[in-house]
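Remarks on the overall topology
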Amino acid sequence: MRKKIVAGNWKCNTTVSEGVALAKQVSDLVVSKGAKDVVVVLGTPFTHLTSVAAIIDKSRVSVAAQNCAAEPKGAFTGEVSVSMIQSTGATFIIIGHSERRDYYHETSEILNKKVALTLAQGLTPIYCCGEALAIREAGTENAFVQNQLEETIFNLSAEDFGKIVIAYEPIWAIGTGRTASSQQAQDMLAFIRGLIAKKYNQSIADNCSILYGGSCSPANANELFGQPDIDGGLIGGASLKADDFLAIINAY
Ligand code: PGA
């Protein structure tokens, strides 16, 4: 049975003290009221990881970095390596978010290295993919997403592929309030699962958690998570409010 996962992506928001307070609030709510079968992840800024990992209930909540260095260590000023992230207590790393691809020019080659380093260190990549509005309007979103997967994660061994989480986030739905319809999201996730079955096998495809992200909110999470191939969400804006985030966690 594949896992249901609700992962918050705080992006570049909150100071350390604000983040710690938010994480504590979320952790307490998850412990007292959260659905027990949902894996809850908090994707915080690097600066918060250690403090957040120290105050959450780790049996119910995990911590994610939002990025990592593409090299294991060395003279790369300003970069944060996977082993540094691991040393904070974080266990997930969000890799290939469209904001990283678009604003920081992260190519498939770079993302490929980041995924490999994350897996080698025993952490779980949440690998993001998704198309821009022009591609959706041209009707070529499936080919585009297939290409992203082929260039970055379809080179993994079956064993490694079995450890990753995928998040499909159409760029036109991120932070815009314009969510993909549950049918659009379901269609793409079923397409991705079909590609995994073809490339690897049906059991790996059936066990891979594939999340939807993009303006997911308490108002639409229930319908999205009700789709057969949607295994949870990567949540931006709504993850900054503990009550909204809990409502999404409990939307199954
Ligand atoms: P959003 O962001 O929920 O604010 O649209 C999702 C994401 O970028 O991960």
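Below: a short report on this structure. Worth saying up front: this structure is predicted, and the values here are computed from it rather than measured.

Calculation notes
Residues numbered from 1 in each chain as written. Predicted model: local features only at pLDDT ≥ 70, side-chain atom pairs only at ≥ 80, totals over all residues. Heavy atoms only, no water. Helix = DSSP H or I, 4+ residues; strand = E, 2+ residues; numbered from the N terminus. Expected span 1.5 Å × (residues − 1). Buried < 20%, exposed > 50% of the residue type's maximum accessible area, 1.4 Å probe, protein only. Arc of directions from axis to C-beta. Contact = heavy atoms within 4.5 Å. Core = buried A, V, L, I, M, F, W, Y, C linked by side-chain atoms within 4.5 Å. Near = heavy atom within 4 Å. Polar contact = N/O pair within 3.5 Å; in protein donor to acceptor, adjacent residues only side chain to side chain. Areas by Shrake-Rupley, 256 points an atom, 1.4 Å probe, with all protein chains shown as cover. Phe/Tyr/Trp six-rings, centres within 6.5 Å; stacked < 30°, edge-to-face > 60°. Lys NZ or Arg CZ within 6 Å of the ring centre and 35° of its normal. Salt bridge = Lys/Arg side-chain N within 4 Å of Asp/Glu carboxyl O.

1. Description of helix α5 (residues 108–120)
Taking 1.5 Å per residue, 13 residues should reach 18 Å; α5 reaches 18 Å between its end C-alpha atoms and fits that length. By the burial criterion, the buried members of α5 are Ser108, Leu111, Asn112, Lys114, Val115, Thr118 and Leu119. Along the long axis of α5, the arc covered by the buried residues comes to 165 degrees, so they all point the same way. Projecting away from the buried face of α5 at angles above 90 degrees are the exposed residues Glu109 and Ala120. In this fold, the buried residues of α5 make contact with α3 (82–88), β4 (92–95), α4 (98–103), β5 (124–129), α7 (141–152) and α8 (158–161).

2. Structural notes on the nonpolar core
Nonpolar side chains in soluble globular proteins tend to be buried together. Judged by nonpolar contacts, the single largest core of 67 residues is most densely connected at Ile153, Phe161, Ile166, Ile192 and Ile196. It is helix α9 (residues 182–199) that provides the largest number of residues to this core, a total of seven residues. Excluding residues within four positions of it along the chain, isoleucine 192 makes contact with Cys129, Val145, Leu149, Ile166, Tyr168 and Ile210. If you look at the next biggest cluster of nonpolar residues, it comprises twelve residues, including Ile126, Cys128, Val165 and Leu234.

3. A few points about the site of the ligand
The local shell around the ligand holds 13 residues, among which Lys11, His97, Glu169, Gly175 and Ser215 are the closest. One of the side-chain N or O atoms of lysine 11 is found 2.7 Å from an oxygen atom in the ligand. Glycine 237 is positioned with one of its backbone polar atoms (N or O) 2.9 Å from an oxygen atom of the ligand. Calculation on the ligand without its partners gives an accessible area of 280 Å², and the protein chains cover 95% of this total.

4. Some remarks on the packing of aromatic side chains
Applying the stated rule across the entire model yields five aromatic pairs. Between phenylalanine 225 and tyrosine 252, the ring centres sit 4.7 Å apart and the planes meet at 25 degrees, which makes this aromatic pair stacked. With a gap of 27 residues between them, phenylalanine 225 in helix α11 (residues 221–225) and tyrosine 252 in the segment after α12 (242–249) connect regions that are remote in the sequence. A network of ring pairs unites the aromatic residues Phe154, Phe161 and Tyr200 as a single cluster. Sitting over the face of the ring of tyrosine 252, lysine 4 holds its NZ or CZ atom 4.6 Å from the ring centroid.

5. A short note on the side chain of threonine 124
Here threonine 124 lies in strand β5. Those residues in contact with threonine 124, other than ones at most four positions away along the chain, are Thr91, Phe92, Ile93, Thr118, Lys163 and Val165.

6. Describing α7
Helix length check: α7 (twelve residues) gives 17 Å between terminal C-alpha atoms against 16 Å at 1.5 Å per residue, within 8%. Buried residues of α7: Glu141, Val145, Gln148, Leu149 and Thr152, and no others. Projected down its long axis, α7 carries its buried residues within an arc of 95 degrees, all on one side.

7. Some remarks on the pattern of salt bridges
The final tally for this structure, using the stated rule, is 13 salt bridges. Among the ionic pairs, aspartate 231 bridges to arginine 2, the shortest N-O distance being 2.7 Å. Highlighted residues: aspartate 231 in the loop between α11 and β8 (232–235) and arginine 2 in the segment before β1 (4–9), separated in sequence by 229 residues. For aspartate 231, a relative accessible area of 6% translates into the label buried. A salt bridge links arginine 100 to glutamate 106; the shortest N-O distance between them is 2.9 Å. Classification of arginine 100 as partly exposed rests on a relative accessible area of 22%. The exposure class of glutamate 106 is buried, given its relative accessible area of 8%.

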